[in-house]
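Coordinate analysis (summary)
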Amino acid sequence: MSGGLINANPTVYSKQERRTRKTKAEDEYTRDLIDSEEIFDHIRDIKDPEHPYSLEELKVVRENDIEVSSKQDYVRVNFTPTVEHCSMATIIGLSLRVKLMRSLPSRFKVDILVAPGTHATEASVNKQLNDKERVAAALENPNLLEMVDECLAPSY
Amino acid sequence: MCGHQKMKDIMMVLFKYMLTNNWAESRLPNSDVMGNFTSPVLSRSAADAFSIIMSDSDACLNKKFHAMIRPLYKQRFFSSVLTILLSSIKDSNSSDVRNSTYHAFGHVISNTPIAALLLETKKLILPLFECLSSLSADCKNNVLLYSILLVFSSILMENTGKCAVIENVHIIINPLLELAFYPYMMLVRETAIQCLVAMSEFPHARIYPIRQQVLKVMHKALDDPKRPVRLEAVRCRWRWESIA
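Residues numbered from 1 in each chain as written. Chains lettered and ligands numbered in written order. Predicted model: local features only at pLDDT ≥ 70, side-chain atom pairs only at ≥ 80, totals over all residues. Heavy atoms only, no water.

**Side note on the sheet that holds strand S1 (residues 61–69) of chain A**
Residues and elements named next belong to chain A. What counts here: Two strands qualify as a pair provided DSSP detects at least 2 bridges between them. The way it works is that DSSP assigns letters per residue, a run of H or I at least four long becomes a helix, a run of E at least two long becomes a strand, and they are numbered from the N terminus. Only the stretch in contact is used when a helix axis is fitted, and all axes are lines through C-alpha atoms; the angle between N-to-C directions ranges over 0 to 180 degrees. Any two residues having at least one pair of non-hydrogen atoms within 4.5 Å are treated as being in contact.
Strand order in the open sheet formed by three strands is S1-S2-S3, and the pairing between neighbours is mixed. Strand pairing shows two members of the sheet lacking a second neighbour, S1 and strand S3 (109–114), which therefore form its edges. Direction aside, neighbouring strands of the sheet carry axes that sit 15° apart on average. The sheet contact formed by strand S2 (residues 74–79) and S3 spans six bridges and is parallel. Bridge pairing in S3 links Val75 to Val110. This element, helix H1 (residues 36–43), spans S1 and S2 of the sheet and lies at about 130° to S1. Along the sheet, helix H2 (residues 89–103) makes contact with S1, S2 and S3, crossing S3 at roughly 160°.

This is how it looks when you write it as structure tokens:
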């Protein structure tokens, strides 16, 4: 790893309001569908690999960029790296994928994509992040796994 | 109420009604009158009477009905009744009577202050889980089941309680995992999973054998119909995966 940070001075935004739990008696038998706010709750506190800020604070992930279809078991997350040449994009994408893999029922298909036009090597990053075998191979690398676990720790 | 002879008599009458199986054959006084009631109903009503004694029931435990409440009455009642309840559970022959005894046991422990319960955790843990398994069969026992589960979670928070639970982890894990799928009340599922999260702190040698079982159950719980349960299941799964 080179000495300098990719983005030494990121812009930090304020956190969004969180959904509070309903205090009145709920109907026991209606199903709460998995919606974009729930997916956002799973990924908002993931730590950026370089800075002690969460992805929500750096606006790398936004609730509007999440698409969920509970009926078709499909989730798509678009994330925006802070700078165009960010080499951490693959690590951030990998952390997102691992978190959602561990937090959603296995019937869901998850697509993690870089937001269009926000990264120089967008196509190649997208290809890596959505290839099951490359993801599995990456997770067998202990250094990478340790980095991902460190990013994910605050989000549980 | 402490040490009062009449209180002891009341307790004995309640136990008689609760534990007698077949009224027609019994030689107790008033059995002709009692023969009109079906014994499971009577047995269950006697068990529910324990909840009236132990909860602060304003309607019944007041001066008008000659009830004089002394300090620490719940603790004293608990210590006097515990041995009889535990032996009745062991000796009961019919399933109706055992059911009612579990009800009475549940009412007593869910209303006793936790300090008194912690002195007897070794004796209580296994009957507590037998009680939970028995109550979970019927959807009408929601509230009692939830109160007993809350008692278990308070026991888990204290050191003395933890030791008793650690020794019996391999026995209690199955009923606890079944409660994670209790279909009639979301709070029961959520509390059961929170207890599992607390149990992930136990000594490695005790919990490693059950790790795979817990992970399998949590994987299914990720698809629970209710959001709070799903979120707890995510947390629980992460904790149990990291103990390897």
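On we go.
**Things to note about the UniProt feature "domain: MIP18 family-like" (unreviewed entry) in chain A**
Under the convention used in this document: UniProt positions are given in the numbering used here, feature names are shortened, and annotations may be inferred rather than shown by experiment.
As recorded in UniProt, the feature "domain: MIP18 family-like" (unreviewed entry) lies at residues 37–113 of chain A. With 29% helix and 26% strand, the stretch residues 37–113 of chain A has end C-alpha atoms that lie 18 Å from each other.

**A few points about the environment of Leu55 of chain A**
Residue and element names in this part refer to chain A. Under the convention used in this document: Here's how the labels work: a residue is buried when its accessible area is under 20% of the maximum for its type, exposed when over 50%, partly exposed in between, all with a 1.4 Å probe on protein chains only.
Mapped onto the elements, Leu55 comes out in the loop between H1 and S1. On the accessibility criterion, Leu55 (1% relative accessible area) is buried. Remark: the alpha-carbon pair of Leu55 and Thr82, spanning 27 residues in sequence, is separated by 9.9 Å.

**Here's the deal with the interface of chain B and chain A**
To keep things clear, this is the line we draw: The term buried area means the drop in 1.4 Å probe accessible area that two parts suffer when joined, counted for both and summed. In what follows, salt bridge is the name for a side-chain nitrogen of Lys or Arg lying within 4 Å of a carboxyl oxygen of Asp or Glu. In protein, a polar contact requires one atom able to donate a hydrogen and another able to accept it; more generally it is a pair of N or O atoms within 3.5 Å, and residues adjacent in sequence count only if both atoms are side-chain atoms. Ten residues, namely Ala, Val, Leu, Ile, Met, Phe, Trp, Tyr, Cys and Pro, are considered nonpolar, four, namely Asp, Glu, Lys and Arg, are considered charged, and the remaining ones, Gly among them, are considered polar.
Each partner contributes residues to the interface: chain B has 21 residues there, and chain A has 23 residues. Taking both sides of the interface into account, the surface hidden between chain B and chain A amounts to around 1900 Å²; carbon and sulfur atoms contribute 47%. Sorting the residues of chain B by area buried against chain A places Lys226, Arg227 and Trp238 of chain B first, and these three jointly supply 30% of that buried surface. The tally of links from chain B across to chain A stands at six salt bridges. With a shortest N-O distance of 2.8 Å, Arg107 of chain A and Asp223 of chain B are connected by a salt bridge. The interface formed by chain B and chain A contains 13 residue pairs in polar contact (both at pLDDT 80 or more). At the level of elements, helix H11 (186–199) and helix H14 (227–241) of chain B are the ones that each hand at least two residues to the side of chain B that touches chain A. In terms of residues, the side of chain B that touches chain A owes the most to one element, H14 of chain B, which gives nine residues. Classifying every residue of the side of chain B that touches chain A by side-chain character gives eleven nonpolar, one polar and nine charged.

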